[in-house]
Amino acid sequence: MIELGFVNRHWCQLKSITLDKSRFAPRPDPPKSPLKRGVGVDFEKNLVPPFLRGVRGDLDPNPKQQSVTTFDVLTPIYYEVLTMKDTTIADKIIVALDVASQEEAIALVDKLPDVSFWKVGLELFVSSGPGILEILKQRGKRIFLDLKFHDIPNTVAGACRAAAKYNVDLLTIHSTCGKEALKAGLVALEEGAAAVDKPSPKLIAITLLTSLNSRQLAFELKIPLELPEYALHMALLAKETGLAGAVCSPQEVAQLRMSCGDDFLLVCPGVRPKWADGGDQRRSMTPKAAINAGADYLVIGRPITAAVDPVAAFARICEELE
């Protein structure tokens, strides 16, 4: 078993893996300081190779495949991937900061210290600007910047390049931009991150807003596909373009997981505990059911933030996920 730690707060662990020799370079000398050891997440064999770009390690003499025994980190790509794999149930919950001001957002963050992942959406970003992102980073939080870019390829590329400097963890774009815009956004995001020497955010695609149902898809948007088929098509378009994942309703997550594979990130809004008001979500599911169906992350807002006791509401959801 290979164990390693990272200087950040997220510990990770690898076990029983073999990797292509081309991804590594031999290192005859041991690292100057030993890597810290800690418990963390097991990566499955088939998930490891694309996650280890930019890493080098000591190699076994086998000329075809190399077993990695020690690592040191060469690029921020490694940091980016390791911090996307979680060690607790609570880390799978992204709490939506759907408030109108930075002051309200800070008050919620202070009230919920156990929340490690926050979503900043259009309302908060437009009203307060990127300052809230810096505040969250200073407090060691991960950030889902949910701006849902949707424009022509050149504009999408410019927006993604600009967003790269914020050092967030997830960034959204609509699949309906089309393959050219998705690719342009992805390339620009990686270029923008490299230019400021920061890890590139994960670009994930919106399949279909969870406030829409089958009837609206057919009669208002005039899309002649069944809703699950349409959501799958949008997710596959993102995957084929090289995006890291998709945002989808929990009602479609099982089908997307089966079709897109385990290394495709699936983030599910529209998640509501049985004891919470459904609000304007049309295709919702309970947190436990969504995780069991294959969701990597759950985006939950009002059931926590609008609760009489947000701390108790967050704790209750975590307990229900155990």
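The rules we used
Along each chain, residues carry numbers from 1 onward, in the same order as the chain's sequence is written. Local features in this predicted model are restricted to residues of pLDDT 70 or higher, and side-chain atom pairs are both shown and tallied only at a pLDDT of 80 or more, whereas totals for entire chains, interfaces and linings draw on every residue. The side-chain quantities take in all heavy atoms of the structure and omit both hydrogens and water. Whenever a carboxyl oxygen of Asp or Glu lies within 4 Å of a side-chain nitrogen of Lys or Arg, that contact is scored as a salt bridge. Helix numbers and strand numbers start at the N terminus; a helix is a DSSP run of H or I with at least 4 residues, a strand a run of E with at least 2. Only protein chains enter the accessibility calculation, which uses a 1.4 Å probe; a residue whose area is less than 20% of its type maximum is buried, one above 50% is exposed, and one in between is partly exposed. Working rule for contacts: check all heavy atoms of both residues, and any pair within 4.5 Å makes them a contact. Buried Ala, Val, Leu, Ile, Met, Phe, Trp, Tyr and Cys residues that are joined via side-chain atoms within 4.5 Å together make up what is termed a nonpolar core. Only when DSSP finds a minimum of two bridges between them are two strands counted as paired.

A.B. asks: Account for the pattern of salt bridges, with residues named and values stated.
C.D. replies: On inspection of all chains with the given rule, the structure shows ten salt bridges. Close ionic contact of Lys-119 with Asp-98 constitutes a salt bridge, the shortest N to O distance being 3.3 Å. In this pair, Lys-119 is assigned in strand S8 (residues 117-121) and Asp-98 in the loop between strand S7 (93-96) and helix H2 (102-111), connecting sequence segments 21 residues apart. On the basis of relative accessibility, which here comes to 10%, the residue Lys-119 falls in the buried class. Residue Asp-98 is classed as partly exposed on the basis of its relative accessible area of 48%. The shortest N-O distance in the salt bridge between Lys-148 and Asp-146 comes to 2.6 Å. Taking the relative accessible area as the measure of exposure, Lys-148 reaches 25% and is therefore partly exposed. The class of Asp-146 is buried, set by a relative accessible area of 6%. Ionic contacts of the salt-bridge type, sharing partners, join the residues Asp-98, Lys-119, Asp-146 and Lys-148 into one network.

A.B. asks: Break down the environment of Leu-97 for me, citing the residues and quoting the values.
C.D. replies: Along the polypeptide, Leu-97 turns up in the loop between S7 and H2. Distance in space between the C-alpha atoms of Leu-97 and Phe-125 is 9.9 Å, their sequence separation being 28 residues. Dropping the residues within four chain positions of it, Leu-97 is found in contact with Ala-105, Leu-108, Val-109, Trp-118, Lys-119, Val-120, Leu-124 and Leu-136.

A.B. asks: Give a detailed account of the nonpolar core, specifying residues and quantitative values.
C.D. replies: Ile-93, Leu-97, Val-120 and Phe-314 are the most contacted members of the largest nonpolar core, which has 63 residues in total. When residues in this core are grouped by element, the largest group, six residues, is from helix H6 (residues 179-195). Aside from chain neighbours lying at most four places away, what touches Val-120 is Leu-97, Phe-125, Ile-132, Leu-133, Leu-136, Ile-143, Phe-144, Leu-145 and Asp-146. Counting twelve residues, the second largest nonpolar core, distinct from the first, contains Ala-96, Phe-117, Ile-206 and Tyr-297.

A.B. asks: Give me the lowdown on the pairing of strand S14 (residues 297-300), citing residues and values where you can.
C.D. replies: Along S14, one buried face is formed by Tyr-297 and Val-299 and the opposite face, lined by Leu-298 and Ile-300, is buried too. Of the pairings in the sheet, the one linking S7 to S14 comprises three bridges and is parallel in character. Across the sheet, the residue bridging to Ile-94 is Val-299, located in S14. Sheet analysis places strand S13 (residues 265-268) next to S14, joined by two bridges and oriented parallel. In the sheet register, Val-267 faces S14, and the bridge partner there is Tyr-297.

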